[in-house]
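The chain contents come next:
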Amino acid sequence: VQLQASGGGLVQAGGSLRLSCLASGRTFSSYNMGWFRQAPGKEREFVAAIKWSGGVTFYADSVKGRFTISRDNAENTVYLQMNSLKPEDTAVYYCAADRWGGSRLRGRSDAYDYWGQGTLVTVSS
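Caption draft 1: Layout of the overall build of the chain. Along the chain, the regular secondary structure elements total zero helices and 11 strands. Written out in order from the N terminus, the α and β elements of the chain read β-β-β-β-β-β-β-β-β-β-β. Since a compact globule built from 125 residues should have a radius of gyration of about 14 Å, the 13 Å found for the chain is in line with a globular shape. Principal axes of the C-alpha set define a box for the chain whose edges measure 40 × 25 × 25 Å. Per-residue burial over the chain gives 45% buried out of 125 residues. Considering only residue pairs separated by 6 or more positions, the chain has 59% of its internal contacts joining residues 24 or more positions apart. For the chain, the exposed area adds up to about 6,400 Å²; of that, 46% sits on carbon and sulfur atoms.

Caption draft 2: Highlighting the sheet that holds strand β7 (residues 67-72). One open sheet accounts for four strands, arranged β1-β3-β8-β7; its pairing is antiparallel. Here the strands that pair on one side only, and so sit at the sheet edges, are β1 (3-6) and β7. Geometrically, the sheet is characterised by an average inter-axis angle of 15° between neighbouring strands, direction not taken into account. Bridge count between β1 and strand β3 (residues 17-23): four bridges; the pairing is antiparallel. By the bridge assignment, Ser6 is partnered in β3 with Ser20.

Caption draft 3: The pattern of salt bridges, seen in detail. Scanning all chains against the criterion turns up six salt bridges. As a salt-bridge pair, Arg37 and Glu45 come within 2.6 Å of each other at their nearest N and O atoms. Judged by relative accessible area, which is 5%, Arg37 ranks as buried. Relative accessible area serves as the criterion here: at 34%, Glu45 is assigned to the partly exposed category. Of the charged contacts, one joins Asp61 and Lys64 as a salt bridge, the two residues approaching to 3.1 Å between their closest N and O atoms. Among the charged side chains, a network of salt bridges with common partners joins Arg37, Glu45, Arg66 and Asp89.

Analysis parameters
Residues numbered from 1 in each chain as written. Predicted model: local features only at pLDDT ≥ 70, side-chain atom pairs only at ≥ 80, totals over all residues. Heavy atoms only, no water. Helix = DSSP H or I, 4+ residues; strand = E, 2+ residues; numbered from the N terminus. Rg over C-alpha atoms; globule rule 2.2 N^0.38 Å. Buried < 20%, exposed > 50% of the residue type's maximum accessible area, 1.4 Å probe, protein only. Contact = heavy atoms within 4.5 Å. Areas by Shrake-Rupley, 256 points an atom, 1.4 Å probe, with all protein chains shown as cover. Pairing = 2+ DSSP bridges. Axes fitted to C-alpha atoms, helices over the stretch in contact; angles between N-to-C directions. Salt bridge = Lys/Arg side-chain N within 4 Å of Asp/Glu carboxyl O.

By themselves these figures say nothing about function.
Listed below in C-alpha cells is the structure:
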C-alpha cells in the first residue's frame, strides 16, 4: 500500500489544521493506521492510532484532548484533526499502516509496515 500525507502548513499557536493520508490499494480497511511526528533533532514519536474498523483510538499523552484521529474506509483516507496547536507540535507528520496489529493499537514505529512521505506542520508562537 502507498500512503500520501497532506494538509501541513504554517499556523499560529492556538490554531487548527487537519492532516489527511490517502492510501492506495484495496486492503486499507484491514489495516490499523497511525500518525507519528518528528521534530528537528528529535526522534520520531507516536501521535495517534486508529483501529481498522475505526471504533477504537489511542493517543499520546501530549496530544490527548487536542488531536482527533479518524478514518473513512470508503475513501481510503485517515485524518488527524489538530486543535489548540502549540509551538512544540512543530514537526514533520507521517502516516503509517500496521498490517498485523488487529485488535491491538501500537505506538512503536517498528510495528508499522508502510509509511507516507510526511507533511510539515509549523506552529508559530
